[in-house]
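Coordinate analysis (summary)
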Amino acid sequence: MPAKTSIALAAGDGIGPEIMNATLDLMKCAGVLEQVEFIPVEMGASVFATGNTRGMTDDAIKTVESCGVLFKGPMETPKGGGGKSINVTARKLWNAFANLRVFRSLPGVETVYSRAGVPVDFSVVRENVEDTYGGVEHRLSSDTVQCKRLITAPGCDEVHRFAFQTARKLGLKKVHCGHKANIMKMTDGLFLDRFRATAKDFPEIESADVIVDALCMNLVVKPQQYQMIVLPNLQGDIVSDLCAGLVGGLGFAPSANIGKHISIFEAVHGTAPDIAGRGLANPTSLVLSGIMMLRHLGLVKEAANIENALLVTLESGIHTSDFGDKTKPAVNTFEFSRAIADRLGQKPRAGAVPVPDANEPPRERHERPHGQEVIRTFKGIVTSVVGADFYLDTPLSPIALAEEMTRIAGDTPFKLSLISNRGTQVWPTGSVYTECVDYYRVRFELKDGVAAGTIGQSRTVALMDKIAEKFTVCGYELLRLFDGVKGYSMAQGQ
Ligand code: NAI
């Protein structure tokens, strides 16, 4: 008999243990436990309570890394006290770079679309590691704080490739890229450029882009026009919860966090402290996430069986107290999963999933990395220094600041070319209507006659040193050309 596949299991907090027990019982009834072994790991509130700010023990980390798959219930994020969200930590720690969520109308789950006879069935892939979720934040002045938004070419490539590969696997015909590249031309611009580059490798799949605000409206007005949407992290976070609303709420949206080495399958909703321990929780989201996990592991037969049984159960009107026909009594968490188990082998009237004769071979694991690898998309690019932006904490007016900066730059290779405040140009020209705060950007570029590439970075650092004698420099960005193309944006109004 082949060895069983090992899966790390963290039941979670609040309603986590209730919905996890119900889901595991269902998996046992479906014969899953003959092929997989669940290894419990310690994560969540009980670990935070010991002072561990990561919320997971070293043993838990080792087990997840050796299994390559974590099945988890919702976990409480401690409020204050330095404890970070386990969900974000886990995705970043193990580079689970793509968050895949499937949104599908389910029988018995009434929504405005089901009432209107509009079927909803599409997927969202959210980049899971970068963007503002890097959590690189600073207080820059008394009145100003900053969160750095990092978007990288390798990060974009990984998530776009995953989106197109998933679309190909699911037989989808079109992938949309959601973005805000009209405003954030460099960050979202890169996300969109890499989407277009990746699309070329999937010629059989149509690709298109859509600005995220228009996307939100389209999703509400006509969700059936989308099959697969890929988005940067924060936009993807917001859009995917909007999409959950289209199919009846977070309780019906499964989620997979896919990485090259480690993938995490979890319910989308939280720990529901208001109903925890009362047997009221709806296990559907976790059951659907478990189905995604079984497919990921090649257990496509069991996945299809459980999915069909869930659909039959919903069609029959059986429901927990959070949804369904209120004139019929609700069942509890365990009764709901047992109702699904009792219907294993049955086919729903609509949307039945074909049950394959055999499972797929288990996924091949990539070898554990020997060290941390630097992945690079663009190689051999020639860069040249053309100036620097300095960020200053100062209450001076733009004109007074310009006078000081012009004087300081006098005998350097740089001239002051612009001052902006909150991204809007306030010098050499500007508007009296622009309100300024105590945090400025001053931009220095090469004086006329000094050619790009003839000075090194050290000259910009020497200039910063001179400025720092009199001002608080709270940030510095080097201005460079990359193969002759400006690697920085213009100010608003420049
Ligand atoms: P929540 O999703 O736990 O609850 C929101 C509302 O939905 C509550 O009224 C709750 O009773 C209901 N609800 C949620 N899941 C349900 C289910 N399966 N069946 C029936 N009703 C359900 O969101 P909330 O209250 O904002 O967060 C509570 C805790 O969960 C927080 O500590 C938060 O950090 C954590 N959380 C964890 C997540 C995860 O582990 N993936 C995701 C979201 C929140």
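Residues numbered from 1 in each chain as written. Predicted model: local features only at pLDDT ≥ 70, side-chain atom pairs only at ≥ 80, totals over all residues. Heavy atoms only, no water.

Some words on helix α9 (residues 233-246)
Counted at 1.5 Å a residue, the expected span for α9 with its 14 residues is 20 Å, and the 20 Å between its end C-alpha atoms agrees. Among the residues trailing α9, Gly-248 stands out with phi positive, at a value near 115°. (Helix = DSSP H or I, 4+ residues; strand = E, 2+ residues; numbered from the N terminus. Expected span 1.5 Å × (residues − 1).)

Description of the packing of aromatic side chains
Here the structure, examined in full by the defined rule, presents 9 aromatic pairs. Seen in terms of ring centroids, Phe-164 and Phe-202 are 5.2 Å apart; in terms of plane orientation they differ by 20°. Their pairing is stacked. With a gap of 38 residues between them, Phe-164 in helix α6 (residues 153-170) and Phe-202 in the loop between α7 (187-199) and β9 (206-211) connect regions that are remote in the sequence. In this structure, Phe-164 and Phe-202 share a single accessibility class: buried. Here the aromatic rings of Phe-323 and Phe-336 are separated by 6.3 Å at their centres, their planes lie at 85°, and the arrangement is edge-to-face. Here Phe-323, found in the loop between α11 (300-315) and α12 (333-342), pairs with Phe-336, found in helix α12; they are 13 residues apart in sequence, far enough to count as distant. Neither Phe-323 nor Phe-336 differs from the other in exposure class; each is buried. Members of the aromatic cluster, joined through ring pairs, are Phe-164, Phe-195 and Phe-202. In this structure, Arg-126 is placed above the aromatic ring of Tyr-133, and the distance from its NZ or CZ to the ring centre is 5.2 Å. (Phe/Tyr/Trp six-rings, centres within 6.5 Å; stacked < 30°, edge-to-face > 60°. Buried < 20%, exposed > 50% of the residue type's maximum accessible area, 1.4 Å probe, protein only. Lys NZ or Arg CZ within 6 Å of the ring centre and 35° of its normal.)

Observations concerning the sheet that holds strand β15 (residues 424-427)
In spatial order, the strands read β15-β14-β16-β13-β17-β18; together these 6 strands make up an open sheet with antiparallel pairing. Because the sheet does not close on itself, it has two edges, and the strands there are β15 and β18 (485-486). Note that strand β14 (residues 414-421) and strand β16 (residues 439-446) share 7 bridges and pair antiparallel. Within the sheet, the bridge partner assigned to Leu-418 lies in β16 and is Arg-443. Of the strands in this sheet, β13 (383-393), β14, β15 and β16 touch helix α13 (residues 398-409), which is tilted by about 155° from β14. (Pairing = 2+ DSSP bridges. Contact = heavy atoms within 4.5 Å. Axes fitted to C-alpha atoms, helices over the stretch in contact; angles between N-to-C directions.)

Focus: the nonpolar core
Counting 68 residues, the largest nonpolar core has Phe-38, Phe-71, Val-125, Val-230, Met-293 and Ile-306 as the members making the most contacts within it. Shared between two domains, this core takes at least three residues from each, and those domains are domain 1 (1-95 + 259-378) and domain 2 (98-247). Apart from the residues within four sequence positions on either side, Phe-38 is in contact with Ile-7, Leu-9, Leu-24, Met-27, Leu-33, Phe-71 and Met-293. Ranked by size, the runner-up nonpolar core spans 25 residues in total, among them Leu-392, Met-405, Phe-414 and Val-426. (Core = buried A, V, L, I, M, F, W, Y, C linked by side-chain atoms within 4.5 Å. Domains from an automatic or database assignment.)

Regarding the domain arrangement of the chain
Examined at the domain level, the chain breaks down into domain 1 (1-95 + 259-378), domain 2 (98-247) and domain 3 (383-486). If you average the C-alpha positions of domain 1 and of domain 2, the two centres end up 23 Å apart. Counting residues at the interface gives 18 residues for domain 1, matched by 20 residues for domain 2. Across the interface of domain 1 and domain 2, roughly 1,700 Å² is buried in total on both sides, 60% from carbon and sulfur atoms. At the boundary of domain 1 with domain 2, the tally comes to 1 salt bridge. (Buried area = accessible area lost by both parts, 1.4 Å probe. Salt bridge = Lys/Arg side-chain N within 4 Å of Asp/Glu carboxyl O.)

Re the sheet that holds strand β2 (residues 36-40)
In spatial order, the strands read β2-β1-β3-β12-β11-β4-β5-β10-β8-β9; together these 10 strands make up an open sheet with mixed pairing. In this open sheet, the two strands that pair with only one neighbour each are β2 and β9. Going from strand to strand, the sheet's axes swing by 25° on average, the running direction of each strand aside. Inspection of the sheet shows strand β4 (residues 98-104) paired to strand β5 (residues 121-127) by 7 bridges, in the antiparallel sense.

Topic: the side chain of Asn-257
With respect to the secondary-structure elements, Asn-257 resides in strand β11 (residues 254-258). Within the local environment of Asn-257, its side chain forms a polar contact with the side chain of Arg-91, the two groups lying 3.4 Å apart. Separated by 2.8 Å, the side chains of Asn-257 and Asn-128 make a polar contact. Setting aside residues up to four positions removed in sequence, Asn-257 forms contacts with Arg-91, Ala-96, Ala-98, Asn-99, Asn-128, Ile-262, Ser-263, Ile-264 and Glu-266. (Polar contact = N/O pair within 3.5 Å; in protein donor to acceptor, adjacent residues only side chain to side chain.)

Describing a nonpolar patch on the surface
A cluster of nonpolar side chains, namely Met-217, Val-220 and Val-221, defines an oily patch on the protein surface of about 300 Å² accessible area. Here Val-221 shows up in helix α8 (residues 212-221). (Patch = residues over 30% accessible without salt bridge, like charges linked within 9 Å, V, L, I, M, F, W, Y side chains within 5 Å. Areas by Shrake-Rupley, 256 points an atom, 1.4 Å probe, with all protein chains shown as cover.)

Overview of the site of the ligand
Lining the immediate surroundings of the ligand are 20 residues, of which Met-75, Gly-270, Ala-272, Asp-274 and Asn-282 lie closest. Isolated, the ligand exposes 810 Å² of accessible area, and the fraction of that covered by the protein chains is 66%. (Near = heavy atom within 4 Å.)

Looking at the state of the cysteines
Under the definition given, this model contains 0 disulfides. Looking at Cys-156, it has no disulfide partner, and the nearest cysteine sulfur is the one in Cys-177, 8.6 Å off. With a relative accessible area of 1%, Cys-156 lands in the buried category. (Disulfide = S-S within 2.5 Å.)

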